[in-house]
Amino acid sequence: MRGRLQQLLRRTKRNLAEFKELGGYSEIYKYSIEKNDEFWEKLARSRLLWEKDFTEVSDSSFKDGRISWFADGQLNVFDNCVTRHLADRGDQAALIYEKDEPGNEEIVTYAQLHSLVNRFANVLKSKGVKKGDRVAIYYPVSPLGVAAMLACAKIGAIHSVVFAGFSADALRQRIIDADCRVVICADGTYRGGRYINLKSVVDEAIENLDLVETVLVGTRNAEAKKLTTEKDVDLDLALAAAPENCLSEPMNAEDPLFLLYTSGSTGKPKGLVHSQAGYLLYAAVTTSAVFDCEPGDRFGCVADIGWITGHTYTVYGPLANGATSLLFESIPSYPDPGRYWATVDKHKLTQFYGAPTAYRSLLRHGDEFIEKYDRSSLKRIGSVGEPINTEAWEWLHHKVGSSKVPIADTWWQTETGGNMITPVPCDAGASFKPGSAQRPFYGIEPVLKNADGNTVQGNSVDGALCIAKPWPGIARTIHGDHERFRNVYLNVFDDVYTTGDGAHRDQDGEYTITGRMDDVINVSGHRLGTAEIEDCLTQLDFISEAAVIGIPEATKGEVPYAFVILKEGVEENSEHKLLANKHVAKVIAKFAVPKDTIIVSGLPKTRSGKIMRRILRKLASSEAKDFAQIAPELGDISTLAEPEVVEEIFLKKCQS
Ligand code: 6R9
């Protein structure tokens, strides 16, 4: 693969022009670690537009729970993403809105986006939104969804985008946790030709919730009834009436830019808080260097704005680089499995960034869905959300990328703000390994820890993946619970950030992610805590205890699978499973519904009461029809409090 990629990769050097005199990836990486502050200081000055210059680069201590970058500097994120491009590229497309139905895209130029966000900011102000207030956004990917985020950034309000696939209960919980007085939503969205009503979800979420004073409702379907309560305001009319002029709020570098909720290993989702300057810098620099993104590029990240990938690589990263960002409302298979590549061809996309689950679902279809479209505009194809299997990697590289386009398998997390381990940038001639994220980004120093908390040295070793040094993009806290932030990330091992993932460092010193080490599962790239689903199941009055695990699934990567114990005196009946599924869909989301729910009389627990999920995982994913077949794989179960439940669970599963 070497020769073919060399020319493309040479471009990578240009992307950190600030350091080109140092050499290639290896030299710049070495410098970024050894002179970490100097490295980020230079980039902060060359990549961001400051209202007030900073004098201090970083002041961080994982031990003390303190992370701080460019603390005495001030800037405005909206001005950095939009206003500063007006002079050179006001008429260039900032957004291409590729709607669900092919053939009716909308283009929003930088000048139009500037005007839209200014008016939006004035609407927010007129509803009493001030600097530091939290605003909930329940909006599908669309220019108005992006403008809602940027309008918050402009006036210093903190946005909390909730993925418009989460249920009413999940939305309500997030609105309450972040104390949002204003909610911004659309009447609905289209996916695969189907209209999905979002406003009714918001109505249910805020029923009898005095906290919410205003719901700004934008239009997706002009026929839909969007104003249903006295709190509702017609967003289109309000925008049309709002003045164009609005001053941007100068923000301190460390002020929060947004909250984004994600699952952890306990029931309650965590509202991770990202900063203004550090986050934006990390978004801008990774977009530029990993994706070779230059001003005027057409960046196609198909992630929803409800996830961190949408925040960093659909909104902030591409716009900070003066690129055109694609907003993709549809699904990969609509109207046929060629939709992604038709979109690449139509808009001459220079980057395409998607998820393995989607790639896996597409590769089963014939090559004609790829070949009939021109993909020669692509410089990078990215993958994110979960490990990419070799088959999908080869298909992306050889079929979609005609063996010419480097695959950026980007490992990172909501907490990290941007890409952390990825094969690009790299030295010209470097090798690519399917399924391996390989090389740390500049300034990122991975370390592996063993169970005793010692750092694992050398190569060909495994361990808990941690990061040694703070970087500008790391989340600063969990909203309202800094202790939890410290306990989950900073105090697991001494003086490092703990990712929750395991990794293997291979013979070349490069990294392959081996998966979560906690009770978090990854369903089609959506992170779910098994404890969240368990909490939800035990809310039902007929369930006393639940254990949820993830099992491998060909397209989605993993799916949840549940084992439940009924309450004393409850007779098992065929309704139970249906009620359980409905409840999970209502409280969390449809994608959280277990593939199966097995009613059992006991769970495999240690004598200290800990559920042995390893055993449940084996039982759930086994094809065996006879217990004797699977018993040897289960290992020693004699230490369980009730070893006999294992066979009973197996038999119940076989019957279901
Ligand atoms: C960006 C994003 C984070 C978790 C992470 C890991 C898994 C993401 C991956 C990957 C292997 C990759 N993950 N990218 N695993 N290779 N390229 O996905 O954030 O939703 O917070 O999920 O996803 O387990 O810890 P988030």
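Just so we're clear, the structure is a prediction, and the values are computed from it rather than from any experiment.

### Some thoughts on the site of the ligand
Residues in contact with the ligand amount to 17 residues; listed here are only the nearest, Asp409, Thr414, Asp501, Arg516 and Arg527. At a separation of 2.9 Å, an oxygen atom of the ligand approaches a polar side-chain atom of Gln413. Between the ligand and Arg516, the relevant distance is 2.8 Å, taken from an oxygen atom to a side-chain nitrogen or oxygen of the residue. Protein contacts shield 95% of the accessible area of the ligand, which totals 530 Å² for the unbound molecule.

### Details of empty space enclosed by the protein
Once rolled over the atoms, a probe with the size of a water molecule shows which space is left empty. Counted according to the given criterion, the structure contains five cavities of 30 Å³ or more. Its volume calculated, the largest cavity comes out at about 50 Å³. Around the largest cavity, the lining residues are Val161, Val162, Phe163, Phe166, Arg174, Leu260, Tyr261, Gly306 and Trp307.

### Observations concerning the sheet that holds strand 19 (residues 446-449)
As a general point, the strands of a sheet are linked pairwise by backbone hydrogen bonds and lie either parallel or antiparallel. Spatially, the four strands line up as an open sheet ordered 19-20-22-23, and their pairing is antiparallel. Whereas interior strands pair on both sides, the edge strands pair on one side only; in this sheet they are strand 19 and strand 23 (511-516). On average, each strand axis in the sheet is tilted by 45 degrees relative to the strand beside it, whichever way the strands run. Both strand 20 (residues 461-467) and strand 22 (residues 497-505) contribute to a ladder of six bridges, which runs antiparallel. Looking at strand 22, one finds that Gly463 is bridged to Ala503.

### Here's the deal with the UniProt feature "domain: Acetyl-coenzyme A synthetase N-terminal" (unreviewed entry) in the protein chain
Here the UniProt-annotated "domain: Acetyl-coenzyme A synthetase N-terminal" (unreviewed entry) positions come out as residues 25-81. With 47% helix and 4% strand, residues 25-81 has end C-alpha atoms that lie 27 Å from one another.

### Some thoughts on helix 16 (residues 390-400)
When we look at burial in helix 16, the residues that qualify are Ala392, Trp393, Trp395, Leu396, His397 and Val400. Ser402 occupies a position one or two residues after helix 16 and carries a positive phi of about 45 degrees.

### Things to note about the nonpolar core
Counting 148 residues, the largest nonpolar core has Trp40, Phe70, Phe120, Leu150, Ile184, Tyr316 and Trp341 as the members making the most contacts within it. Excluding anything up to four places from it in sequence, Trp341 contacts Phe352, Tyr359, Leu362, Phe369, Ile370, Tyr373, Arg375, Trp395, Leu396 and Val400. Val162, Phe166, Leu171 and Ala589 belong to the second largest nonpolar core, which has 50 residues in total.

### Some words on unusual backbone geometry
Omega for the peptide link from Tyr334 to Pro335 comes to -5 degrees, which places this bond in the cis form. A cis geometry characterises the amide bond from Val424 onward to Pro425, with omega recorded as 0 degrees. Turning to its location among the elements, Pro425 is positioned in the loop between strand 18 (407-410) and strand 19. Positive phi, normally seen in glycine, also occurs at Phe70, with a value near 55 degrees. Position of Phe70 among the secondary structure elements: in the loop between helix 3 (36-47) and strand 1 (74-75). Its relative accessible area of 0% is what places Phe70 among the buried residues.

### Here's the deal with the environment of Ile388
Residue placement: Ile388 occurs in the loop between strand 17 (380-384) and helix 16. Taking the relative accessible area as the measure of exposure, Ile388 reaches 3% and is therefore buried. Taking the C-alpha atoms as reference points, Ile388 and Arg360, separated by 28 residues in sequence, lie 8.9 Å from one another. With residues up to four places along the chain from it excluded, the contact list for Ile388 reads Pro356, Tyr359, Ser383, Trp393, Leu396, Asp409 and Gly435.

### Brief notes about the sheet that holds strand 12 (residues 256-262)
A sheet is described by the order of its strands in space; here eight strands give the open sequence 10-9-6-4-5-12-13-21, paired in mixed fashion. Strand pairing shows two members of the sheet lacking a second neighbour, strand 10 (232-234) and strand 21 (477-478), which therefore form its edges. Two elements, strand 5 (residues 158-161) and strand 12, share two bridges in a ladder whose sense is parallel. Within strand 12, the residue paired with His159 across the bridge is Phe258. Seen against the sheet, helix 12 (residues 308-320) touches strand 5, strand 12 and strand 13 (270-275) and runs at an angle of roughly 140 degrees to strand 12.

### Some points on the packing of aromatic side chains
Within a pair of aromatic rings, the relevant descriptors are the distance that separates the centres and the angle that separates the planes. Applying the stated criterion across every chain yields a total of 41 aromatic pairs. Ring plane angle 55 degrees and centroid distance 5.1 Å describe the contact between Trp341 and Phe352, whose orientation is recorded as tilted. Here Phe352 lies in strand 16 (residues 351-354) and Trp341 lies in helix 13 (residues 339-347), a separation of eleven residues in the sequence. One exposure class covers both Trp341 and Phe352, and it is buried. Here a set of aromatic residues connected by ring pairs shows up, and it is made of Phe19, Tyr25, Tyr29, Tyr31, Phe39, Trp40, Tyr282, Phe441 and Tyr442. One residue, Arg174, lies across the ring of Phe166, its end atom 4.5 Å from the ring centre.

### Things to note about the domain arrangement of the protein chain
Structurally, the protein chain comprises domain 1 (1-75 + 415-518) and domain 2 (520-655). Once you take the C-alpha centre of each, domain 1 and domain 2 turn out to be 36 Å apart.

### So, the pattern of salt bridges
Under the definition given, this model contains 39 salt bridges. Lys433 is paired through a salt bridge with Glu510; the nearest N and O atoms lie 2.8 Å apart. Within this pair, whereas Lys433 is found in the loop between strand 18 and strand 19, its partner Glu510 is found in the loop between strand 22 and strand 23, the two being separated by 77 residues in sequence. A single burial state applies to Lys433 and to Glu510, both of which are buried.

### Here we look at the layout of surface pockets
Roughly 320 Å³ of internal volume is contained in the second largest pocket. If you list the elements that add at least two residues to the lining of the second largest pocket, you get strand 20, helix 17 (482-490) and strand 22. When grouped by side-chain class, the residues that make up the lining of the second largest pocket number seven nonpolar, eight polar and seven charged.

### As for the side chain of Arg486
Its location among the elements puts Arg486 in helix 17. In this structure Arg486 is buried but unpaired, with Glu483 as the nearest side chain of opposite charge at 4.2 Å. Not counting residues up to four positions away in its chain, the partners in contact with Arg486 are Lys63, Asp64, Gly65 and Asn491.

### Details of the packing of helix 14 (residues 356-363) against helix 16
Close contact between helix 14 and helix 16 brings their axes to 10 Å; oriented N to C, the two are set at 75 degrees. When the axis of helix 14 is compared with that of helix 16, the two are roughly perpendicular. For the pair helix 14 and helix 16, the contacting residues are Tyr359, Arg360, Leu362 and Leu363 in the first and Glu391, Ala392, Trp395 and Leu396 in the second. Considering only residue class, the contact of helix 14 with helix 16 consists of six nonpolar, no polar and two charged.

About the criteria used
- For every chain, the first residue of the written sequence is number 1, and numbering continues from 1 along that sequence.
- For this predicted model, a pLDDT threshold of at least 70 governs which residues receive local features, and a threshold of 80 or more governs which side-chain atom pairs are given and counted, while totals over whole chains, interfaces and linings are taken from all residues.
- Calculation of side-chain values draws on the structure's entire complement of heavy atoms; hydrogens and water are dropped beforehand.
- Here, proximity means that at least one heavy atom of the residue falls within 4 Å of the molecule or strand.
- Polar contact is defined as a pair of N or O atoms within 3.5 Å, subject to the rule that within protein one atom must be able to donate a hydrogen and the other to accept it, and that residues adjacent in sequence are counted only when both atoms are side-chain atoms.
- To be clear on the numbers: accessible area is Shrake-Rupley with a 1.4 Å probe, and residue cover counts the displayed protein chains and nothing else.
- A 1.4 Å probe that fits into a set of points on a 1 Å grid over the protein atoms alone but cannot get out defines a cavity; an open set with protein on both sides within 12 Å along at least five of seven lines defines a pocket, and lining residues are those with an atom within 4 Å of a point.
- Grid points are joined across faces, edges and corners, and a volume is the space filled by probe spheres set on the points.
- Strand pairing is assigned whenever DSSP detects at least two bridges linking the two strands.
- A run of H or I in DSSP counts as a helix once it spans at least four residues, and a run of E counts as a strand once it spans at least two, with each numbered from the N terminus.
- Angles shown run from 0 to 180 degrees and are taken between the N-to-C directions of axes, each axis being a line fitted to C-alpha atoms and, for helices, limited to the stretch in contact.
- UniProt positions are given in the numbering used here, feature names are shortened, and annotations may be inferred rather than shown by experiment.
- Throughout this description, buried means an accessible area under 20% of the type-specific maximum (1.4 Å probe, protein chains only), exposed means over 50%, and partly exposed covers the range between.
- Nonpolar cores were defined as sets of buried Ala, Val, Leu, Ile, Met, Phe, Trp, Tyr and Cys residues, with membership established by side-chain atoms within 4.5 Å.
- Throughout, a residue-residue contact means that at least one pair of heavy atoms, one from each residue, lies within 4.5 Å.
- Each Phe, Tyr or Trp ring, with Trp reduced to its six-membered ring, pairs with another whose centre is within 6.5 Å; inter-plane angles below 30 degrees give stacked pairs, above 60 give edge-to-face pairs, and intermediate values give tilted ones.
- By the criterion adopted, a ring carries a charge over it if an Arg CZ or a Lys NZ lies within 6 Å of its centre and within 35 degrees of its normal.
- Annotation comment: domain bounds sourced from an automatic or database domain assignment.
- Counted as salt bridges are all cases of a side-chain nitrogen of Lys or Arg within 4 Å of a carboxyl oxygen of Asp or Glu.
- Each residue is assigned to one class: nonpolar for Ala, Val, Leu, Ile, Met, Phe, Trp, Tyr, Cys and Pro, charged for Asp, Glu, Lys and Arg, and polar for all the others, Gly among them.
- Charge convention: Lys and Arg are scored as positive, Asp and Glu as negative, and His as well as the terminal groups of each chain are ignored.
- These descriptions rest on fixed angle ranges, namely under 35 degrees for roughly parallel, over 145 for roughly antiparallel, 65 to 115 for roughly perpendicular, and the rest for oblique.

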